[in-house]
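Results of the structural survey
These are the residues of each chain, in order.
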Amino acid sequence: ANMLCLNLAKSSLIIFDRKDELDLIEYTVGQSKFSITESKSQRYLGLMVDSQLKFNNHIELIKSKIAKRTGALYRSKKLLHK
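An account of the accompanying structure is given in this report.

Relative to the elements of secondary structure, Ser39 occurs in the loop between β3 (32-38) and β4 (41-44). The exposure class assigned to Ser39 is buried, which follows from its relative accessible area of 13%. Within the local environment of Ser39, its side chain forms a polar contact with the backbone oxygen of Ser41, the two atoms lying 2.5 Å apart.

We now examine unusual backbone geometry. With a phi angle near 55°, Leu45 is a residue other than glycine that sits in the positive phi range. Phi at Leu53 is positive, roughly 55°, even though this residue is not glycine. Among the secondary structure elements, Leu53 is positioned in the loop between β5 (47-50) and α1 (56-75).

Cut-off values and rules
- Residues numbered from 1 in each chain as written.
- Predicted model: local features only at pLDDT ≥ 70, side-chain atom pairs only at ≥ 80, totals over all residues.
- Heavy atoms only, no water.
- Helix = DSSP H or I, 4+ residues; strand = E, 2+ residues; numbered from the N terminus.
- Buried < 20%, exposed > 50% of the residue type's maximum accessible area, 1.4 Å probe, protein only.
- Polar contact = N/O pair within 3.5 Å; in protein donor to acceptor, adjacent residues only side chain to side chain.

In structure tokens:
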């Protein structure tokens, strides 16, 4: 039987709360004790969600993507015909 393993390096949790504190959460399963870090924001289905359900991080991400693409278009304007 195959067993699903948790990759702790890729795992984090987000707690939706008004306070802005980050914690290190420790869990014990059987004999093993492990820690999962709390994340302030997390990408979920292409949307950046933060712990206070605000869209500031998502807006900044979209702004940076747009700036990169418009900058590339501006730099290549001599290659485009009018």
